[in-house]
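Summary of structural features
The primary structure of each chain is shown beneath.
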Amino acid sequence: MVETPEISLVAILPELALTVGAVVVLMVAVSSRRAATYLPWIAGLTVAATGAGLIAQYNDVAANGFSVSYAGMIVLDNQGIVIRTVMLAAIAVALLVGWRYVTGLGTRGGEALSLVFLSAVGFMLMASSIHFMLLFLGLEVGSISLYVLAALGQRAKRADEAAMKYFLLGSVASAIFLYGVALLYAGTGSLTYLGVFEFFSGDTLVFSDGLLSAGVALLFVGLLFKIAAAPFHSWAPDVYQGAPAGIVGYMGAAAKIGAIAALLRFVQVPFQSVIESIQVPLAAVAAFSVVLGTLYAIVQQDLRRVLAYSGVSHAGFLLMGIATGGVAEVQVLFYLATYVLVLVGAFGIVSLLEGSGSAGSPIENWKGLGRRSPFLAWSLTVFMLGMAGMPATAGFIGKFGIFTRAWSGDLEWLVIVGLLASVAAFFFYLRVVVAMFFEDGDGKTPKLGWPAGIGIGLTLVITVGLGLYPTPLLDVLTAALG
Amino acid sequence: MADWISLPVNWVFLVLALVIAFAGVKVVTSRNLIHAALSLVGVLASTAALFLLLSAEFVAWVLVLVYVGAVLVLFLFGIMITRAPMGREVSLDNERRGLAAITALATFALLAGTSWVAFGDVEIEGVGDPITTGDLADSLLGRYLIPFEIVSFVLLAALIGGIALARKDRSPAEEAERTDA
């Protein structure tokens, strides 16, 4: 007799909406001759439906508290809802600023759009999964979609190289992650977060110590690779530089959201009772990422490589919050939300200047942009300051929150490393600003359409708004997660 | 050790393991793509036999049907249809062979070492009753319902990718013709 697991539609509503959207986009793209005119509407409807699903979930949690469904696979709680909301915001902004990428692909635009939605389904599942198998599948759905998105652009040597590198190294990372899951299962006999938690917190003598350490280490390495934390970052600069400009911001953002969501749950549930042994390696990776990302970003001559290495250091800051052992979830999520939006926005501007399918963006090209296109130049300045953590931008509040938590969590040395790196980071973030306003150049003048304008404007408002007045959002987050 | 030798199942395992190891090395060292693909048949078929040893009958046959039967035939078709080099080729290797070998050996040492430390002296006592296809179906549509559905997303994403990447772009003229028709 089949045991039917408890099915809860509300627990997967946003994913359902995105799936339906992805399939409808595919169907319309193949069957309709005027697909290009319908795609924006379908995309808008899908985003709206996903948002409605998230609101329904929020109401459900408010009424009934958190719930577990599908035989202990999926949890519906506020943390998952917040992460999925961040994901949805990233999609919305990425589609607005990168819409030219979708239309520029011509007959492949529909495929690109549906892959964006599918990847979001995968990474959203990572946020709500409490089962290692489902986590892996979410990771794979998301990653495979991103590999294809990286390869969809123009047939240029550098773009192909980036896509191939991303695919091969990403697959190795997934394999490492899977090895970790297998060893963990061999050691604990459980694949659910709760089962692993009970195993570790029980007073049974752990007889297979090496096996478990290796398993947990491989598990983390697989995810650290996806967020491009040093020393697992080697793919990031080439991919950020070579992949189509219109989508690379979303690629970086989505992978970070999914993996950080999983890491956050890791330190909260399955590995909570062994956090002391995980904390030191995690903090070491965080420090290494922050330092290496900052130092390498300083010497880059290409804005996209600068953004890639700054992504490495941002991964370090996020890990700093995670290394505190799950007490900093509000701060980590705030940081994640503001960083990914700024990342998508900044790459939006890159794609406006260089073309949505382009690869590379030497600093040279940015000279004199302040005169040719003041709005974009000022927007990029704000985004750069936001990433650097300038006061009055959301980046400052994010960094401040993470530092405070890490300081009170006995990671003082890490905070000092982070502070030094943040100061040094201003150098490379401001270099492009200097090039835009104080150096002469006669590069291209970007044409700003209204979707990209709205997307960039929204990101600007969020970055500055949350920098000046973060209390409401922080209060909501604290109330929802605390 | 005497016990170990007296059990026929261990002999079968030894033979299979040797075949897998040998064929696995052949897959990456062979300078001929066809030979590499055929060596992969040896690896996968022997892995299927390992599953049979663990009385996981269904998984074994799935491995044979899907991987040996379908995926590898696809590999061979792929090699033959595209203009990939089919004869003896030297350019498949590059100078980083040494590093790759070290990485592979280190991975092997890690996995084998940890398994040895953890389970080195644990005796496997029988592998239980064979799991029937019915049991598997029950758990796929019961406990593992969501992963079962999500796997189809993995396939969908890969399918879209395969088609979108392999398809030739229509020229603008052809596109206009299609719109007019």
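Glancing now at the pattern of salt bridges. Residues and elements named next belong to chain A. One pass over the full model with this rule turns up 8 salt bridges over all chains. Note that Lys165 and Asp238 form a salt bridge whose closest N and O atoms lie 2.6 Å from each other. Placement of Lys165 in helix α7 (residues 157–188) and of Asp238 in helix α10 (residues 235–242) is noted, with a sequence separation of 73 residues between them. Its salt-bridge partner being Lys367, residue Glu364 comes within 3.4 Å of it at the nearest N-O pair. By relative accessible area, which is 54% here, Glu364 ends up exposed.

Our focus in this paragraph is the side chain of Thr192 of chain A. Relative to the assigned elements, Thr192 of chain A resides in the loop between α7 and α8 (193–201). At 3.0 Å, the side chain of Thr192 of chain A and the backbone nitrogen of Gly195 of chain A are in polar contact. If we skip the residues at most four places from it in the chain, Thr192 of chain A touches Gly72, Ile130, His131 and Phe132 of chain A together with Arg143 of chain B.

Below, the discussion takes up empty space enclosed by the protein. Residues and elements named next belong to chain A. In the structure shown here, the tally under the stated rule is 5 cavities of 30 Å³ or more. The calculated volume of the largest cavity comes to roughly 80 Å³. Forming the walls of the largest cavity are His314, Tyr335, Thr338, Tyr339, Val342, Gly386, Met387, Ala394, Gly395 and Lys399. Sorting elements by how many residues they give to the lining of the largest cavity places helix α14 (residues 329–354) first, with 4 residues. Residue classes in the lining of the largest cavity are distributed as 5 nonpolar, 4 polar and 1 charged.

Residues and elements named next belong to chain B. On the surface, Trp4, Ile5, Trp11, Leu14 and Leu18 cluster together into a nonpolar patch covering about 480 Å² of accessible area. Mapped by element, the contributors of at least two residues to the nonpolar patch are α1 (2–6) and α2 (8–29). The element contributing the most residues to the nonpolar patch is α2, with 3 residues. With respect to the helices and strands, Leu18 occurs in helix α2.

The subject of this paragraph is the packing of helix α11 (residues 245–268) of chain A against helix α13 (residues 303–323) of chain A. All names here are of chain A. Running from N to C, α11 and α13 point in directions that differ by 15°, and their axes come no closer than 11 Å. In terms of their interaxial angle, α11 and α13 are classed as roughly parallel. For the pair α11 and α13, the sense of crossing is right-handed. Together, Ala245, Val248, Lys256, Ile260, Leu263, Leu264 and Val267 of α11 and Arg304, Gly311, Ala315, Leu318, Leu319 and Ile322 of α13 make up the contact between the two elements. Among the residues forming the contact of α11 with α13, the class breakdown is 10 nonpolar, 1 polar and 2 charged.

What follows deals with the interface of chain A and chain B. The interface of chain A with chain B comprises 43 residues on the first partner and 33 residues on the second. Approximately 3300 Å² of surface area, both sides summed, lies buried where chain A meets chain B, with 74% of it carried by carbon and sulfur atoms. Three residues, Arg33, Thr107 and Arg108 of chain A, lead the burial of chain A against chain B; their summed loss comes to 17% of the area buried on that side. Our count for the contact surface shared by chain A and chain B stands at 0 salt bridges. Put simply, the parts of the chain that give the side of chain A that touches chain B at least two residues each are α1 (13–31), α5 (109–128), α6 (132–151), α7 and α9 (209–226) of chain A. For the side of chain A that touches chain B, the element with the highest residue contribution is α6 of chain A, accounting for 9 residues.

We now examine the side chain of Ser8 of chain A. Residue and element names in this part refer to chain A. Counting through the fold element by element, Ser8 comes out in the segment before α1. Residue class for Ser8 comes out buried when judged on its relative accessible area of 17%. For Ser8, the contacting residues outside a window of four places in its chain are Ser69 and Tyr70.

We now examine the packing of aromatic side chains. All names here are of chain A. Within the structure shown, the criterion is met by 21 aromatic pairs over all chains. Considering the side-chain rings of Phe132 and Tyr193, the 4.9 Å spacing of their centres and the 55° angle between planes classify their relative orientation as tilted. Highlighted residues: Phe132 in helix α6 and Tyr193 in helix α8, separated in sequence by 61 residues. Since its relative accessible area comes to 0%, Phe132 is described here as buried. Look at Phe132 and Phe271: their rings are 6.4 Å apart centre to centre, the planes differ by 40°, and that puts the pair in the tilted class.

Attention now goes to the nonpolar core. Within soluble globular proteins, side chains that are nonpolar generally end up buried alongside one another. All names here are of chain A. Ranked by size, the top nonpolar core spans 193 residues in total, and within it Phe132, Tyr250, Leu263, Phe266, Phe271 and Trp366 carry the most contacts. With 19 residues, the top contributor of residues to this core is α14. Not counting chain neighbours up to four residues away, the residues in contact with Trp366 comprise Leu303, Ile349, Val350, Leu353, Glu354, Ser361, Leu380, Val432, Ala435 and Met436.

Between Ala230 of chain A and the following residue, Pro231 of chain A, the backbone shows a cis peptide bond with an omega angle of 0°. For Pro231 of chain A, the position within the fold is in the loop between α9 and α10. A positive phi angle is found at Ala71 of chain A, which is not glycine, with a value near 55°. Unusually for a residue other than glycine, Ser55 of chain B sits at a positive phi of about 55°.

Our focus in this paragraph is the confidence of the model for chain B. Per-residue confidence for chain B averages 82 on the pLDDT scale, and 85% of its residues sit at or above 70. As scored by the predictor, the complex reaches a pTM of 0.91 and an ipTM of 0.88.

Residue and element names in this part refer to chain A. Between its first and last C-alpha, helix α16 (residues 374–388) extends 21 Å over 15 residues, near the 21 Å set by a 1.5 Å rise per residue. When α16 is considered as a whole, its buried residues turn out to be Leu376, Ala377, Ser379, Leu380, Thr381, Val382, Phe383, Met384, Leu385, Gly386, Met387 and Ala388. On its buried face, α16 is in contact with α13, α14, α15 (369–372), α17 (394–408), α18 (412–438) and α19 (450–468). Looking one or two residues past α16, Gly389 carries a phi angle of roughly 95°, positive in sign.

What counts, and at which threshold
Residues numbered from 1 in each chain as written. Chains lettered and ligands numbered in written order. Predicted model: local features only at pLDDT ≥ 70, side-chain atom pairs only at ≥ 80, totals over all residues. Heavy atoms only, no water. Salt bridge = Lys/Arg side-chain N within 4 Å of Asp/Glu carboxyl O. Helix = DSSP H or I, 4+ residues; strand = E, 2+ residues; numbered from the N terminus. Buried < 20%, exposed > 50% of the residue type's maximum accessible area, 1.4 Å probe, protein only. Polar contact = N/O pair within 3.5 Å; in protein donor to acceptor, adjacent residues only side chain to side chain. Contact = heavy atoms within 4.5 Å. 1 Å grid on protein atoms, 1.4 Å probe; cavity = no way out; pocket = protein on both sides within 12 Å on 5 of 7 lines; lining within 4 Å. Points joined across faces, edges and corners; volume = space filled by probe spheres on them. Nonpolar A, V, L, I, M, F, W, Y, C, P; charged D, E, K, R; others polar. Patch = residues over 30% accessible without salt bridge, like charges linked within 9 Å, V, L, I, M, F, W, Y side chains within 5 Å. Areas by Shrake-Rupley, 256 points an atom, 1.4 Å probe, with all protein chains shown as cover. Axes fitted to C-alpha atoms, helices over the stretch in contact; angles between N-to-C directions. Parallel < 35°, antiparallel > 145°, perpendicular 65-115°, else oblique. Left-handed = near helix turned anticlockwise from the far one by under 90°. Buried area = accessible area lost by both parts, 1.4 Å probe. Phe/Tyr/Trp six-rings, centres within 6.5 Å; stacked < 30°, edge-to-face > 60°. Core = buried A, V, L, I, M, F, W, Y, C linked by side-chain atoms within 4.5 Å. pLDDT = per-residue confidence, 0-100. Expected span 1.5 Å × (residues − 1).

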